[in-house]
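Take a look at the letters that make up each chain.
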Amino acid sequence: MVATRQMRPRRRTSAEVQKLLEGLADSVVTAARNGEVPSFDIPVRTLSNVSFNKKKRIIELGKNTTERRFFDLGTAKKFMQTVLVADALMSLQREQVTTSLREIYYRTKHTIKGTSENTFDDQDESDPIIEDLEVTLSLLREELRVRAKSWGTIIGPITLVDAGDTVDCTRQGIGGKTVPSIVEPGYVDIKRCTADFVLMVEKDTQFSRLSEDKFWKRHNCILLTGNGQAPRGVRRLARRLHDEWNLPVYVLMDNDPWGYYIYSVIKQGSISLAFESQRLAIPDAKFIGLSSADPEKYGLPRNVGIKLNDTDIRRAREVAGYEWFQKKEWQDEIKQMLRSGLKYELDALAHKNFRFLTTDYLPRKLKEKDWLD
Amino acid sequence: MRDLRDKTAAGGAAAAAVSPGADAGITPARGGRSEVPPPPSRIRRPDGRIAHEMAARQRDISVAEFFQKNRHLLGFDSPRKALLTAVKEAVDNSLDACEEAGILPDIEVRIDVAANNGGPLPPPSQADRFVVTVTDNGPGIPKKNIGKVFAKLLYGSKFHRLRMSRGQQGIGISAAGMYGQLTTGKPTCVVTKIAGDPVVHVIELSIDAKRNEPVEHETRQYRMEPGKPVEISFDHRKAVWALEHGTCVSIELVGKFQKGRGSVEEYLELTAIANPHAAITYVAPDGEKRVFPRGDDRLPDPPREIKPHPKGIELGTLLKMAQDTKSHWLSGFLSSDFCRISPRLAEEICKAAGLNPRMRPRDLVGQDAEALYKALQNAKVISPPTDCLSPIGEKAILAGLVKTIKADFYTAVSRPPKVYRGNPFAIEVGIAYGKGDGDAGGGAETTQPELLEEDAPEARAEGEEDEEETELARVIRFANRVPLIYQQSACAMYKTVLKTNWRQYGVAQSRGAPPQGPMTIFIHMASVWVPFTSEAKEAVAEYDEIVDEVKLALRECGRRLGIWMRKRQHARAEIERRSTFQRYIEEVAEACKRIKSGKLDAERLKKMLEKIAEKVTGGEETDRILNAGRGPGAEEEERLEHSVERTAEGLKGEVPAMLAAGMMATVGDAETSVVEETASAGGNAGAASRTDRGASPGRGRGGAGAHAGRSGTAVQPCLFGGAGQSAMGGATGKAQKGQSGKRLRNR
């Protein structure tokens, strides 16, 4: 536990963050003084600049950067926008407030003097700039005081201290407690945790089923859901539980290429947020289901399957090609899905009976340690 | 009636008497017509003579009936179109007469709301009766021919002359007079004077619909001393005649006045483009006056008449020609009545058809005729001569476009004549692009011109930035210098514009649509015989040869436009770059200052950044100039042939001679549309103004005193003194509301 704590990047103080942001303005002034065109080097955040670190088992951002020059027609506007966003982030630090991406957009949007041109036309322009700054300055979004949507839920034998309120997650009704987007120590502290493992569920339907059936109580676990692609808060909290409380993490997804990818993001990190893998990825996470072998094992008939469409097939092949899916068991898994030509939703388990997931499927899976790594 | 002018008006005074109907194949004015039919009797013995008389009689009646029942064929199907057609016929006549007589045409078109029996005049938009008055400075018409010109249908004929002529659009001014007569009961009023003859004739006449003969109601003569305008009484109005020679016709008719597409104004605008040698003044019923100044002081070459080419005729025509020929032998008929057939070739053709070259052409019937027709089609005959055409020419097209359309770039292509089905034709295309404000538009991103603080534009909300103008190009079509207004989408010329790929020339275009942008495409077909798709004669049929020529001409114009656009965009991009950096420097410097909690000299930072920006753009600018002589820049510096462009210093390129000489204003310099001081010129107060105009008869250009204040717009003098204006002033005593101060926009 001590070791893992050291792995976590040290949280920067507001003063440090401010210094980094000021550094941007300083670089502009310095360049201007030297008669040079001011520019920022922004790391590239595409597939071409990520690599799978086999040793650490996470996706890492490469070294490629792109130069954002002020006096270059292609990047001039982005340069100006970067400075504006830095300014807005600076005022967040001074005022000690946390805000959303959308509010940053409105804060920085205005019409340029004497023209009808706006600094930003829509939020799609400002969001990537914030991510650019996160990477460029190696700052976490939390440190920049920008939050994403809260889009996750937790239930189980765990007590959190969230913004000074102590929340017992065994007493949150059937809906559970919302996981905020920033779960760094200081924002959210884990006061007590007695669970044996973490179960991350793809969809709300299964989460509600497990919650209603008090699955977490019987199996002493923490239930987490991110409603589809898990947001940073959920991933970070799972990672903290894994790191700080040594809990194994199991992932329960639909049996389709998208389920595979969501799992891989939890496990190794994503391409667009590769710079965050270090902090978010859980290389030890296991894929508990629904796997391509399950329908046969658990007696799901063909007629509750769904035919793979062209997009599914293309995506499955794409996923099979990723470096971090090259393990034999995974190649077999994907091949089996393509061979059967079918995908299955977790909901299909209800074909047997409504509580099949709680009473039969998961207990047997856990007992047989039937998961993919 | 045009044709009558061909015969009578040539040279002005010395009009030879022409026997009517000599060349009119379908004229009813043949011998038997004037015979009195035998008294009615129930029983008669059938014999051939009576049958012939009946046939003749039926023809007589059919002329008037034809019109009454077939108005639409003549362009009088709706009140709106009727008004336009009346103007069109009169203007075509005037242009033909002037050109034939070697006079640069000065034409004035007036449309007035007709007097309402002393009641108040309805506003033009609601009026249903108008007086169309068209005045020209043509040679005038001898007194005895006036009736036949203006009040006899199907008099004379161009139908069978193979010559490039305006014609083809209707059956002339008499049809307009007839329409007026039918709808209002009012006679046609004509004023005419021949040079050298001091007498001004004023005649009111109508058509005897039954006999198709003119009926003169009232004739008056006035004596005019040279150079001294004379007051005349005209259509119950007082007016002043000031022209040494010319004709004025006035017709009252039921019509509907409209502006915009398909309006009289548009028609005259287009006519002015295709006839830059003409000066046209238009006074609308609301008193607005628009002047289309002359843009070219050369008259077009008179087109020559040619004989039919064997490939261009049909069997029926061949038969008719064989009947009408003066030749006694078949071979002689072929070699003398067709072009490009030598006596030797004629013999060969006869042989090929298995006919005796010495046979009488009149005996050519049935299978013999078909055999000859086939032999003609198969014979190796060279193409017809093409020098019979009188295309407008690049210079004149440019003059027409420059003087009428406000744009930044003009170009024109006049293709060499080609032949379709034995008919020579030539295609001419012109393009006017831009809004005339120096903004190239289209293609490049919208610019952000530097604006003063006080009129900074309204801030834009999210989603608003994508609203871009998608103005479609305007295609203007002409056949033998006559604008084609209707049936655009059925026309081969228009369809070819759609099929042309404009994107390769830097102009946006949706699939199957005309190109986008502030653009006017001019297409003219000059031919001895324009193939129209239908009787309405508004759309050119799709012959491969014609389509190919239009395509080639459009491409050449497009290529030049493309070169100009690239050049323009390049220059704009440079300016755009600099201003982009300028705009952002302010933002960046202020933001840096805020980040540094105000501990930063933003003004100094701005200055430093500006210096760097200038160095960056300036440096590359220099590169561009250095590269101008070679590499990709070289092509752009190439001088574009037959093109005019608007630059900051004015028009550059093949600027029309008259414009270059300062003898003409363009729409770019001053909008030609001015509100006429109708009221002051009309009524009693108009005397001074009238005299002023009267002092500059004909086509003097200096007499525009009344317009002197209008930013130098060249204004032709009012031809027909105060006739129309007096009509406005005198008959109604009101015209002041015309002075709305509104300006017509060119586009």
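Values in this document were obtained by computation on a predicted structure and should not be read as measured data. (Residues numbered from 1 in each chain as written. Chains lettered and ligands numbered in written order. Predicted model: local features only at pLDDT ≥ 70, side-chain atom pairs only at ≥ 80, totals over all residues.)

Caption draft 1: Expanded view of the overall build of chain A. When helices and strands are counted, chain A shows 14 helices and 17 strands. In chain A, of all internal contacts separated by at least 6 residues, the share reaching a separation of at least 24 is 71%. (Helix = DSSP H or I, 4+ residues; strand = E, 2+ residues; numbered from the N terminus. Contact = placed C-beta atoms within 7 Å.)

Caption draft 2: Up close: the overall build of chain B. A tally of regular secondary structure across chain B gives 19 helices and 19 strands. In chain B, the share of contacts with a sequence separation of at least 24, taken over all contacts with a separation of at least 6, comes to 74%.

Caption draft 3: Seen up close, the confidence of the model for chain A. The pLDDT averaged across chain A works out to 89; a share of 97% of its residues lies at or above 70. Here residues 1-8 of chain A is a poorly scored stretch, pLDDT under 50, and it has seven contacts once near neighbours within four places are set aside; other chains count. (pLDDT = per-residue confidence, 0-100.)

Caption draft 4: Geometry of the sheet that holds strand β11 (residues 188-193) of chain A. Residue and element names in this part refer to chain A. Read from one edge of the open sheet, three strands run β9-β8-β11, paired in antiparallel fashion. Both edges of this open sheet fall to β9 (165-168) and β11, since each of them pairs with a single strand only. Strand after strand, the sheet turns through a mean of 20° between neighbouring axes, direction not considered. Bridge count between strand β8 (residues 158-162) and β11: five bridges; the pairing is antiparallel. Following the sheet pairing, V161 is matched in β11 by D189. (Pairing = 2+ DSSP bridges. Axes fitted to C-alpha atoms, helices over the stretch in contact; angles between N-to-C directions.)

Caption draft 5: Representation of the interface of chain B and chain A. Facing 31 residues of chain B, the contacting portion of chain A comprises 32 residues. When residues of the side of chain B that touches chain A are traced back to their parent elements, those giving at least two are α13 (544-595) and α14 (602-627) of chain B. At twelve residues, the largest contribution of residues to the side of chain B that touches chain A is made by α13 of chain B. Taken together, the residues that form the side of chain B that touches chain A break down as 17 nonpolar, two polar and twelve charged. (Nonpolar A, V, L, I, M, F, W, Y, C, P; charged D, E, K, R; others polar.)

Caption draft 6: Local environment of the environment of S91 of chain A. Residue and element names in this part refer to chain A. In this structure, S91 sits in helix α3 (residues 76-95). Judged by the 15 C-beta atoms lying within 10 Å of it, S91 falls in the partly exposed class. For the pair S91 and Q18, spaced 73 residues apart in sequence, the C-alpha to C-alpha distance is 9.2 Å. (Buried ≥ 20, exposed ≤ 12 C-beta atoms within 10 Å, placed from the backbone.)

Caption draft 7: Molecular detail of unusual backbone geometry. Going from G289 of chain A to L290 of chain A, the amide bond is cis rather than trans, its omega being -5°. Relative to the assigned elements, L290 of chain A resides in the loop between β15 (286-289) and α11 (294-297). With phi around 65°, R340 of chain B is a residue other than glycine that occupies positive phi space. For R340 of chain B, a count of 18 C-beta atoms within 10 Å gives the class partly exposed.

Caption draft 8: Just helix α4 (residues 143-150) of chain B, in detail. Across the eight residues of α4 of chain B, six count as buried, placing the element largely inside the fold. Residues N145, I146, G147, K148, V149 and F150 of chain B constitute the buried set of α4 of chain B.

Caption draft 9: Region of the structure containing the sheet that holds strand β13 (residues 221-225) of chain A. Residues and elements named next belong to chain A. Strands sit in the order β10-β7-β13-β12-β14-β15 across an open sheet of six strands; the sheet is mixed. At either end of the open sheet lies a strand with only one pairing partner, and these are β10 (177-178) and β15. The pairing of strand β7 (residues 153-155) with β13 spans three bridges and is classified as antiparallel. Within β13, the residue paired with T153 across the bridge is T225. Of the strands in this sheet, β7, β12 (197-201), β13 and β14 (249-252) are in contact with helix α6 (residues 204-212), which crosses β13 at around 155°.

Caption draft 10: Representation of the packing of α3 of chain A against helix α5 (residues 123-136) of chain A. All names here are of chain A. Here α3 crosses α5 at 70°, and the two axes come no closer than 10 Å. With respect to their mutual orientation, α3 and α5 come out roughly perpendicular. Of the residues in α5, those touching α3 at Q81, T82, V85, A86 and L89 are E125, S126, I129, I130, D132 and L133. Class assignment for the residues of the contact of α3 with α5 results in six nonpolar, three polar and two charged. (Parallel < 35°, antiparallel > 145°, perpendicular 65-115°, else oblique.)

Caption draft 11: Representation of the nonpolar core within the structure. Of all hydrophobic cores here, the largest spans 147 residues; its most connected members are A86, V87 and V132 of chain B. Of the residues forming this core, the biggest block, eleven residues, is contributed by helix α3 (residues 79-101) of chain B. One finds I59, L237, I288 and L357 of chain A within the second-largest nonpolar core, a separate group that totals 60 residues. (Core = buried A, V, L, I, M, F, W, Y, C linked by C-beta atoms within 7 Å.)

Caption draft 12: Structural context of the environment of Q331 of chain A. Residue and element names in this part refer to chain A. Position of Q331 relative to the elements: it lies in helix α13 (residues 328-340). Through-space distance from the C-alpha of Q331 to that of R317 is 9.9 Å; in sequence the pair is 14 residues apart. Those residues within four positions of Q331 in sequence are excluded, and the remaining contacts are A320 and Q326.

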